[in-house]
Amino acid sequence: MIYLTIAVLCSVAVSVLLKILRRKNIDIRQTIVAGYPVAFLLTFILLKPDVSSVNTLGAAWGIIIALGVLLPVIFVMLGRAIEAVGMVATDAAQRLSLIIPIVAAFLLFGEILTGTRIFGLALGFLALGALVYRPQQAVIVNTSGNTSSISMAATETANKNPVLRTPLWLFGVWAGYGIIDILFKQVAKQGTAFPLTLFVSFGLAGLLLFIYLLITHVRWQGQALMAGLLLGALNMGNIYAYVRAHQVLSDSPSIVFTGMNVGVIAVATIIGVGVFKESLNRINMLGLLLAVSAVAVLFLA
């Protein structure tokens, strides 16, 4: 269980780090690009990919290139979503991304969609809707018909920071992680080893993002680059510990899957509410309950 615990903590720690960076107005793109060399090196050391078989990737290169583009993009979306709706809802949406591979298996790959899975999918979509729900603040009008100064200030702040009042980043995280999951599964079906796929994808993702930042003439930030070292270690720590948990508990995959998804939602909620004072209304809390239920139902389906 130690590997499962490490995987959960590393996953939540990534969200915590991104939330802190957003609060300090640090360029997350630079943090991400600095993290990939670390993840690249740790993948080589820990997972020992067979680099000599890179010439056998063949048709898998199309998928790997897609991963190279999506991986850094989804990290940027993750940071935006944490800023927009908080780490509690964002981590729950990330865990609910398992809905997308299940729908794809039914629509694209001919798998049978059972009644239990339909129920789980319905719970998942309801959970997403509840997690992004934010009640609109009522505009207070005084007897003279003028809007109160408090409401005007709140409205002005919201207009200046539209990202803080939109759930679109959350849906981006949900969709992005779901698509990445599909891509990894398709590479695995083609016989490509997972460690090599991860190794090449990390290298390509870091290279493409670095080229993009150079083209845009970014002003490099020392803090952002230093934070990237930690981000890369946490990202790879999450992946390695999750793989090892599956290996150690090979006879009980349900424990690993459910423990990982429910554990991330639970720990993120504790830290988000307890440490960062994120507010959850009743519908958001219902969304968390629905998210945990959806994970359980979809796995048992």
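Each chain carries its own residue numbering, running from 1 in the direction its sequence is written. Local features in a predicted model are, by the rule used here, given only for residues with pLDDT of at least 70; side-chain atom pairs are given and counted only at 80 or more, and totals for whole chains, interfaces and linings are based on all residues. Each side-chain value is worked out from all heavy atoms of the structure, with water and hydrogens disregarded.

Explain a nonpolar patch on the surface here, please?
Excluding any residue in a salt bridge, patches collect residues exceeding 30% relative accessible area, merging like charges within 9 Å and nonpolar Val, Leu, Ile, Met, Phe, Trp and Tyr side chains within 5 Å. The Shrake-Rupley method, run with a 1.4 Å probe sphere, supplies the accessible areas, and residue values consider only the shown protein chains as cover. Basic side-chain nitrogens of Lys or Arg form a salt bridge, by our definition, when they fall within 4 Å of a carboxyl oxygen of Asp or Glu. Together, Leu207, Phe210, Ile211, Leu214, Ile215, Trp220 and Leu225 make up a nonpolar patch on the protein surface, roughly 640 Å² of accessible area in all. Per element, the largest residue contribution to the nonpolar patch is five residues, and it comes from helix 9 (residues 194-215). Under the DSSP-based scheme used, a helix requires at least four consecutive residues in state H or I and a strand at least two consecutive residues in state E, with every element numbered from the N terminus. Its place among the elements puts leucine 207 in helix 9. When accessible area is computed with a 1.4 Å probe and restricted to protein chains, residues below 20% of their type maximum are described as buried, those above 50% as exposed, and intermediate ones as partly exposed. The exposure class assigned to leucine 207 is partly exposed, which follows from its relative accessible area of 47%.

Sorry, what's going on with the packing of aromatic side chains here?
What characterises a pair of aromatic rings is the spacing of the ring centres plus the angle enclosed by the ring planes. Two rings from Phe, Tyr or Trp (for Trp, the six-membered ring) form a pair when their centres sit within 6.5 Å of each other. Planes less than 30 degrees apart are called stacked, planes more than 60 degrees apart edge-to-face, and all others tilted. Counted under the stated rule, the structure contains five aromatic pairs. Judged by centre distance (5.8 Å) and plane angle (50 degrees), the ring pair of tyrosine 36 and phenylalanine 202 falls under tilted. Placement of tyrosine 36 in helix 2 (residues 28-46) and of phenylalanine 202 in helix 9 is noted, with a sequence separation of 166 residues between them. Considering the side-chain rings of phenylalanine 125 and tryptophan 174, the 5.8 Å spacing of their centres and the 70 degrees angle between planes classify their relative orientation as edge-to-face. Here the residue phenylalanine 125 occupies a position in helix 6 (residues 115-131), and tryptophan 174 occupies one in helix 8 (residues 168-189), the gap between them amounting to 49 residues. Judged by relative accessible area, which is 12%, tryptophan 174 ranks as buried. Among the aromatic residues, those joined into a cluster by ring pairs are Phe40, Phe44 and Phe199.

I tried to follow the environment of tyrosine 36 on my own but got confused; where do I start?
On the accessibility criterion, tyrosine 36 (3% relative accessible area) is buried. For the pair tyrosine 36 and glycine 203, spaced 167 residues apart in sequence, the C-alpha separation works out to 6.9 Å. Here tyrosine 36 is in contact with Leu71, Pro72, Phe75, Phe202, Ala205 and Gly206, once residues within four sequence places are set aside. Here a polar contact is taken to be a pair of N or O atoms separated by no more than 3.5 Å, where protein atoms must pair a possible hydrogen donor with a possible acceptor and residues adjacent in sequence count only if both atoms sit in side chains. At 3.5 Å, the side chain of tyrosine 36 and the backbone oxygen of leucine 71 are in polar contact. When checking whether two residues touch, look at their non-hydrogen atoms; a contact exists if any pair is within 4.5 Å.

It is not clear to me how helix 9 should be interpreted in this structure. Could you clarify?
Because the α-helix completes a turn every 3.6 residues, residues three or four places apart line up on one side. Compared with an ideal rise of 1.5 Å per residue, which puts 22 residues at 32 Å, helix 9 spans 31 Å between its outermost C-alpha atoms and is within 8% of the ideal. Among the residues of helix 9, those classed as buried are Leu196, Thr197, Leu198, Phe199, Val200, Ser201, Phe202, Ala205, Gly206, Leu209 and Leu213. A positive backbone phi angle near 55 degrees is found at histidine 217, which sits one or two residues after helix 9. By this rule, a helix spans an expected 1.5 Å times one less than how many residues it contains.

Sorry if this is basic, but what is going on with the pattern of salt bridges here?
Here the idea is simple: oppositely charged side chains can pair when their charged atoms come close. Under the criterion given, the structure shown has four salt bridges. Between lysine 19 and glutamate 278 there is a salt bridge, with the nearest N and O atoms lying 3.0 Å from each other. Of the two residues, lysine 19 is situated in helix 1 (residues 2-23) and glutamate 278 in the loop between helix 11 (253-274) and helix 12 (282-300); the sequence distance between them amounts to 259 residues. Accessibility assignment for this pair places lysine 19 and glutamate 278 in one class, buried. Where glutamate 83 meets arginine 80, a salt bridge forms, and the shortest distance between an N and an O atom there is 4.0 Å. You can see glutamate 83 and its partner arginine 80 sitting in helix 3 (residues 60-85), three residues apart, about one turn around the helix. Classification of glutamate 83 by relative accessible area gives partly exposed; the value is 27%. Taking the relative accessible area as the measure of exposure, arginine 80 reaches 30% and is therefore partly exposed. One network of salt bridges, in which partners are shared, links Arg22, Arg80 and Glu83.

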